[in-house]
Structure formats: structure tokens, C-alpha cells
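Overview (structure and organization)
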Amino acid sequence: VAVEVVVLGATIPSAVPAVVVETFHAFTREITLTEYPFLHSNVVLPLAAALLLALLFGLAFVAFPWAAILGVQHSDIDAYLETINLILRGSDTNWDDFGYLQMMFGEPLWHYALLFFGIYFDEPYRGLLVVSFLSIFVYAIFLFKRINVFLSAFFLLNPLMVDLVMSQVRSALAIALLLVALMSKSRIFSFLIIVTAALIHTSVLLVITIYWFANWL
């Protein structure tokens, strides 16, 4: 069924099925207090409560069988595990010539993290799970201290968030460190955390540049 969609007073012809448009309007219309009062809660959790809830949420998050439920494979995890095997066998040729450029742009902290997981964990995958936990723990604290828990859940339980935290663990950790730097009141500590994040994922430098430029404007 063809319909016409009215957006900001303009009538736009569309061949989109009516049910799709109705669903869109159902989600985009103004939410009233009587419909969803819990979304309008301005209650901010105390720090202790936010930490406890983030801890419990993080443990439940990494223990949940996301791959089985969502029917996806965490391909990045397999790549990390293979890299760990190469490092332990001394076959990771990317690190044969370790110079200053490699130190600056070769993400050395992540390399040493993988080496650490390979040496000190019977199953290196558990080391990656620790990274996933720390990442979602930081995300949860950041959100719980700023918006109510129900709205936080929309972000934290999003499938894209699940993939980021449980598969793209290096990116997840780098973003978590940036949030720590953002929450810190010490400029020196924030700077050190940003440098640490950049040594884990060089894309942090681009993110920080955009952030500073946006604030400057």
C-alpha cells in the first residue's frame, strides 16, 4: 500500500508499505510521561551504586552466550587468537624490527597485551574476555552517571555494541580508555590515558583531533 509521509509540514510521496510508516511514527512520535514514565526519570545513580550495577552488568554481559543467541561468529577474536599463537611461536614477523616508528604507530601495547594473554592465561580467550569486561564496565559507568538505567540499556544492549565489545575488543578497549580520560578531572592523567589508548589503537589520534576541533568551533 502506497502512502504519503508528512515530514516537517511537507508531503513526501512514498512507496513504503503503510505498516512500515506506522511503525516509524510509533517510535518517533513524542513520548509522554503517561506512556513511558521510566524513560523520563532524571534520577542519577550515586557513584557507589553505579559502580556496583556496572560490575554486575559487566559480568552478566560477558557471560551471556551472544554468539549463540544472535547467530554470529566473532571473527576478530579468532584473528587475535591466531596472532597470539604467532607471537608465542616467534612467527609474528611484523615485530622483528621494532623501531621508533613501530613504537609510535605500530600499536605496541596491544601486541604486549596479546603476549601477556598468551603467557599468563591457560586459555588466551579468557584474557580477551577480561578486556571485554573492562570495556563494558567503563561504558556502563559512563552512561549510568549521565542518563537513567533504562535509556542506558538501549545503548549497552544494542547488537552493534555487543559486536564491538565481544569481537572488536581492541577498539572497545581504546574507546573505553577515551571515556576514562573524558571522565577524569586531571589533565595530566587524561593525557596519559589518551597516549595509552593511542598505543593500543592509532585511530584514537583521529578521534581526539576531531573532538578537539569540534570543541574549538
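For the structure itself, look to the data block above.
Predicted model only: the values in this text are computed from it and were never measured.

This part is about the nonpolar core. Phe 61, Ile 136, Tyr 139, Leu 156, Val 165 and Met 166 are the most contacted members of the largest nonpolar core, which has 25 residues in total. Within the residue set of this core, elements represented by two or more residues are helix H2 (47-63), helix H7 (124-144), helix H9 (159-166) and helix H10 (169-183). Not counting residues within four places of it along the chain, the set of residues in contact with Phe 61 comprises Trp 66, Ile 136, Leu 156, Leu 157, Val 162, Val 165 and Met 166.

Time to look at the packing of aromatic side chains. Evaluation of the coordinates by the stated rule reveals 10 aromatic pairs. Here the aromatic rings of Phe 61 and Trp 66 are separated by 5.2 Å at their centres, their planes lie at 45 degrees, and the arrangement is tilted. There is no split in this pair, since Phe 61 and Trp 66 are both buried. Ring geometry for Phe 64 versus Trp 66: centroids 4.5 Å apart, planes at 55 degrees, classification tilted. With relative accessibility at 38%, the residue Phe 64 sits in the partly exposed group. An aromatic cluster is present here, built from Phe 57, Phe 61, Phe 64 and Trp 66 joined pairwise through their rings.

Cut-off values and rules
Residues numbered from 1 in each chain as written. Predicted model: local features only at pLDDT ≥ 70, side-chain atom pairs only at ≥ 80, totals over all residues. Heavy atoms only, no water. Core = buried A, V, L, I, M, F, W, Y, C linked by side-chain atoms within 4.5 Å. Buried < 20%, exposed > 50% of the residue type's maximum accessible area, 1.4 Å probe, protein only. Helix = DSSP H or I, 4+ residues; strand = E, 2+ residues; numbered from the N terminus. Contact = heavy atoms within 4.5 Å. Phe/Tyr/Trp six-rings, centres within 6.5 Å; stacked < 30°, edge-to-face > 60°.

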